[in-house]
Structure formats: structure tokens, C-alpha cells
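Here is what each chain is made of, one letter per residue.
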Amino acid sequence: MFRSLQILTSVMVSVLSAGPLAAEIQVTDPYARAVPAGQRNSAAFMVLSNHSGEDRALVAAESPVAETVELHTHVMADGMMQMRRIERIDIPAGGTATLAPGGLHIMLIGLGQPLDPGTDIDLELRFDDGETLDLEVPVRRIEMGQMHRSGTAH
Ligand SMILES: [Cu+2]
């Protein structure tokens with residue numbers, strides 16, 4: 001009897017932390033594409049790392065500089081690279097999601113101001129567990145290379 005009690009008390013109990021889960025999402029190298037005055041759309045990019053043991057997803061974003069912020073990806077359709085709105089960007093447990101020109105991005109639609117290189121914009125990310133993350137995202141000039149000379153794509 002005494003012996004079994006000893007065994008019981010030595011059992012390791014794993015305590016589930018109820019801490020802020022979004023803190024387990026790390027944002028690396030965020031930036032937004034510089035656009036001149038009069039251009040209505042831009043996009044933001046970053047790497048999202050999930051240090052938690054559960055799959056997470058980015059499900060929404062907001063910014064005071066844009067009327068609408070959407071999550072987008074690029075798909076090949078009819079031989080053309082096209083942007084498509086998506087509901088979520090999955091960040092697997094222990095993994096990353098990379099948002100980059102020509103791929104996944106956060107689309108800033110209806111800009112109320114030019115995005116000048118060297119400035120920052122506020123961007124709020126919302127995750128599937130309801131947590132949010134406030135970012136200050138530097139604006140950078142991005143060469144679109146041979147893909148999009150027009151500067152209209154992201
Ligand atoms: Cu887009």
C-alpha cells in the first residue's frame with residue numbers, strides 16, 4: 001500500500017499551459033511592397049513559424065492603410081499566373097509558412113496612402129485560435145523581376 005502511493009506521487013504530471021498561443025507563432029522578416037501614390041493595391045510578406053505542438057492557421061489580417069485585407073495565393077490557370085483569395089494559410093505544428101512574391105501573400109486592397117520605402121505599416125494578424133499579433137511591417141521596394149513588369153501583381 002505504502003509502496004503504491006510512492007509510485008503514484010512519482011508519476012510525472014504534464015501540465016497543459018493556457019498561455020497566449022499566438023506567442024508560439026513567430027514572424028520573421030515581414031515586409032510590404034512599396035507602391036507609389038495612386039496605386040490602390042499592395043501586399044505583405046513574411047515567414048510564419050509555428051513553435052507550438054498544434055497546427056495553426058492564419059485566417060485574417062487587418063491594416064489601417066487598406067480598406068480590405070485578404071489572404072491570397074497564386075495559382076496557374078489557363079497558362080496564366082493568377083491571384084486567388086484563400087480562407088486560411090496553414091502553419092503546421094513545428095513548421096513554417098512562407099509568404100513571398102509570386103506565392104502566398106497578404107493582399108492590401110484599397111490603399112488610402114502611398115506606401116513609401118523606409119516607412120512602416122501596422123498589420124494585425126488573426127489566427128484560427130482567436131489570438132492576434134500586431135506587427136509593424138517595414139515597406140520595401142521589391143523588384144518583380146521578369147514575372148510582372150507591370151507592377152500590378154504581387
Ligand atoms: Cu493578391
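Residues numbered from 1 in each chain as written. Predicted model: local features only at pLDDT ≥ 70, side-chain atom pairs only at ≥ 80, totals over all residues. Heavy atoms only, no water.

Q: Break down the overall build of the protein chain for me, with residues and values.
A: Each helix and strand counted, the protein chain has one helix and 10 strands in total. Order of helices (α) and strands (β) in the protein chain, N terminus to C terminus: α-β-β-β-β-β-β-β-β-β-β. Within the protein chain, the fraction of its 154 residues that count as buried is 39%. A separation threshold of at least 6 residues defines the contact pool for the protein chain, and within that pool the share at least 24 residues apart is 67%. (Helix = DSSP H or I, 4+ residues; strand = E, 2+ residues; numbered from the N terminus. Buried < 20%, exposed > 50% of the residue type's maximum accessible area, 1.4 Å probe, protein only. Contact = heavy atoms within 4.5 Å.)

Q: Hey, could you go over the pattern of salt bridges for me, with residue numbers and the actual values?
A: Summed over the entire model, instances satisfying the criterion amount to 10 salt bridges. Notably, a salt bridge pairs E24 with R56, separated by 3.7 Å at the nearest N-O pair. One end of the pair, E24, is in the loop between α1 (2-9) and β1 (25-33); the other, R56, is in strand β3 (residues 56-62), with 32 residues separating them in the sequence. For E24, a relative accessible area of 30% corresponds to the partly exposed category. Put simply, R40 and E67 hold a salt bridge, and the shortest N to O gap is 3.1 Å. With R40 in the loop between β1 and β2 (41-50) and E67 in strand β4 (residues 66-77), this pair connects stretches of sequence that are 27 residues apart. Overall, R40 belongs to the partly exposed group, its relative accessible area being 43%. Overall, the relative accessible area of 63% leaves E67 in the exposed class. (Salt bridge = Lys/Arg side-chain N within 4 Å of Asp/Glu carboxyl O.)

Q: So, the nonpolar core: which residues are in play, and what are the values?
A: The biggest cluster of nonpolar side chains holds 30 residues, and the ones touching the most others in it are M46, L48, I106, L123 and L125. Among residues more than four places away in sequence, those in contact with L48 are I25, Q26, V27, L58, I91, G95, T96, A97, L99 and L125. (Core = buried A, V, L, I, M, F, W, Y, C linked by side-chain atoms within 4.5 Å.)

Q: I'd like to hear about the coordination of the copper ion, residue by residue, with values.
A: Summarising the metal site, the copper ion is bound by the protein donors H72 (ND1), M83 (SD), H105 (NE2) and M107 (SD), whose distances to it range over 2.1 to 2.2 Å. Each of the four donor atoms around the copper ion contributes to a set of angles spanning 95 to 118°, which defines the coordination as tetrahedral. Here the donor residues of the copper ion share one chain and are spaced in sequence as H-x10-M-x21-H-x1-M. Note that H72 is positioned in strand β4 and M83 in strand β5 (residues 80-85), a separation of 11 residues in sequence. Look at H72 and you get buried, because its relative accessible area is 7%. (Donors = N, O, S within 2.8 Å, 3.2 Å for Na, K, Ca; no water. Tetrahedral: all angles 85-135°; square planar, octahedral: opposite > 155°, others 65-115°.)

Q: Go over the packing of aromatic side chains with me, naming the residues and quoting the values.
A: Within this structure, the stated rule accounts for one aromatic pair. Look at Y31 and F45: their rings are 5.3 Å apart centre to centre, the planes differ by 40°, and that puts the pair in the tilted class. Here F45 lies in strand β2 and Y31 lies in strand β1, a separation of 14 residues in the sequence. Accessibility expressed as a relative area gives 12% for Y31, which makes it buried. For the cation-ring pair, R140 lies above Y31, with the distance from its terminal atom to the ring centre recorded as 4.5 Å. (Phe/Tyr/Trp six-rings, centres within 6.5 Å; stacked < 30°, edge-to-face > 60°. Lys NZ or Arg CZ within 6 Å of the ring centre and 35° of its normal.)

Q: Kindly report on a negative patch on the surface, identifying the contributing residues and their values.
A: A surface patch of like charges, here negative, comprises D120, D122, D134 and E136. Elements with a minimum of two residues in the negative patch: β9 (120-127) and β10 (132-140). Checked against the element boundaries, E136 lands in strand β10. For E136, a relative accessible area of 57% corresponds to the exposed category. (Patch = residues over 30% accessible without salt bridge, like charges linked within 9 Å, V, L, I, M, F, W, Y side chains within 5 Å. Areas by Shrake-Rupley, 256 points an atom, 1.4 Å probe, with all protein chains shown as cover. Lys, Arg positive; Asp, Glu negative; His and termini not counted. Charge placed at Lys NZ, Arg CZ, Asp CG, Glu CD.)

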